[in-house]
Amino acid sequence: MTHTHTLSNGLRIIHRSFPSDISYCGIAVNSGTRDEFPAEQGMAHFVEHMLFKGTEKRRAHHVVDRMENIGGELNAYTSKEETFVYAAFPEEYLPRTMELLNDIVFHSRFSDRQIEREREVIIDEILSYEDSPSELIYDDFENLVFAGHDLGHYILGDPETLQSFNSGNMKRFVERQYRPDNMVFFSFGKTSFSKVIRMAEKYFSSASNPSNEALPLKQRISPAILVPEKTEMQKDTSQSHVVMGWRTFNMYHPDKYVLYMINHILGGGSLNSRLNVSLREKHGLVYHVESNLTLYSDTGLFTIYFASDPKFRERCLRLINKEIEKIMQTELTPTQLMRTKRQWKGQMGIAAENHENNTLGMGKAFLHFNRYTPLNEVYSRIDGITQQEIKRVANEIFSTSPFQLSYV
């Protein structure tokens, strides 16, 4: 069961009661790389790193030791629209964890000395990321689809821009974006909700919002629709890596569950997905092929990725187009639809047993929708999907030419 509350400073709270000796909690910030100005590109991710590098009362090693010494784990990540800082820990240490979250999120020092040291760490991270073409190509692809827009640049930033970051501009970014009314505190465990609220009042109620006139949040502007194009980039790789994709609707669209089902059917992680069966099992052309759906607050992307021997690239593309045409032209049979729903719901049920991922999903849902959709409600929505809806949405998405990026 989930419970919600809002503090006087606008910080929203969601808690799920669950009889576990291990608890999870964290702070989700409705701010990511799309909330950076051009001179700040890479700032959101850099700030996430710096939250662990010392506060007004703790040195960097004290921050880490505060959780490690009790067997807990402290972690964080940055995406294009969110930043998460969270922890897993034995349940009795919830007060300790909430106090630490308050300290690092609202009282980090951002010292120039630590910034200089961490700058080199992030540049090394960028270089290592560039050595992983199967990951880098997704960012390069979004830069193509969202060229000239805030969604079209690297989360890690680039070394040249990172050199301009200092304590002053980093603190201004945090003051602008890290405000209680732009955040959610989420928790999972057997601690009572009333106790969670008392501790939240103790540790978070003193955090304040800056005046809207002084430091307003950066406003998000929806990306323009660009003409799809095909691009090749020279890379020192033994395989051809290819991403093709289409712009879709946003995370609030009523057809999003239908689109998620289309993703599941085509290549969403199952060995019996249509793309895996065709390209790998039947024709032996690839080791890995997948489709992915990324929904933002005002747009989305449906992508298909594969890596193959360069001589098989065009054949793979023909087979992919064949599977797309099939889902656009032919409705699933009642048996196929029943099996798809059963398989998808089973995978979701198994994934829900991962309490950490489930808790992060709860925090993200509350951040964007101001509610958490329980699994039984998701199942009900899946059960309501029809063959006609799948065909209609597939035609809506795939009727235009895709963007395509290849590493050759």
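This structure is a prediction, so every number in the text was calculated from the model and none was measured.

Engineer: How should the UniProt feature "domain: Peptidase M16 N-terminal" (unreviewed entry) in the chain be read in this particular structure?
Structural biologist: The UniProt feature table records "domain: Peptidase M16 N-terminal" (unreviewed entry) at residues 17–156. Segment residues 17–156 splits into 44% helix and 16% strand. End C-alpha atoms: 35 Å apart.

Engineer: Sorry, what's going on with the packing of aromatic side chains here?
Structural biologist: The relation between two aromatic rings is expressed through the spacing of the ring centres and the mutual angle of the planes. For the structure on display, the rule yields eleven aromatic pairs. Ring plane angle 45° and centroid distance 5.6 Å describe the contact between Phe 84 and Phe 186, whose orientation is recorded as tilted. Linking Phe 84 in strand β5 (residues 83–90) with Phe 186 in strand β6 (residues 183–189), this pair joins segments that are 102 residues apart in sequence. Like Phe 186, Phe 84 is buried. Ring pairs connect the aromatic residues Phe 18, Tyr 24 and Phe 188, which therefore count as one cluster. Note that Arg 12 overlies the ring of Phe 366, its terminal NZ or CZ placed 5.4 Å from the centroid.

Engineer: For this particular structure, what's the right way to read the pattern of salt bridges?
Structural biologist: Opposite charge on two side chains lets them pair, provided their charged atoms get close. Evaluated as defined, the whole model comprises 23 salt bridges. Salt-bridge contacts for Lys 190 lead to Asp 21; the nearest nitrogen and oxygen are separated by 2.8 Å. With Lys 190 in the loop between β6 and α8 (193–204) and Asp 21 in the loop between β2 (12–17) and β3 (22–29), the pair connects residues that are 169 residues apart, well separated along the chain. Judged by its relative accessible area of 45%, Lys 190 falls in the partly exposed class. On the accessibility criterion, Asp 21 (55% relative accessible area) is exposed.

Conventions and cut-offs
- Residues numbered from 1 in each chain as written.
- Predicted model: local features only at pLDDT ≥ 70, side-chain atom pairs only at ≥ 80, totals over all residues.
- Heavy atoms only, no water.
- UniProt positions renumbered as here; feature names shortened; annotations may be inferred.
- Helix = DSSP H or I, 4+ residues; strand = E, 2+ residues; numbered from the N terminus.
- Phe/Tyr/Trp six-rings, centres within 6.5 Å; stacked < 30°, edge-to-face > 60°.
- Buried < 20%, exposed > 50% of the residue type's maximum accessible area, 1.4 Å probe, protein only.
- Lys NZ or Arg CZ within 6 Å of the ring centre and 35° of its normal.
- Salt bridge = Lys/Arg side-chain N within 4 Å of Asp/Glu carboxyl O.

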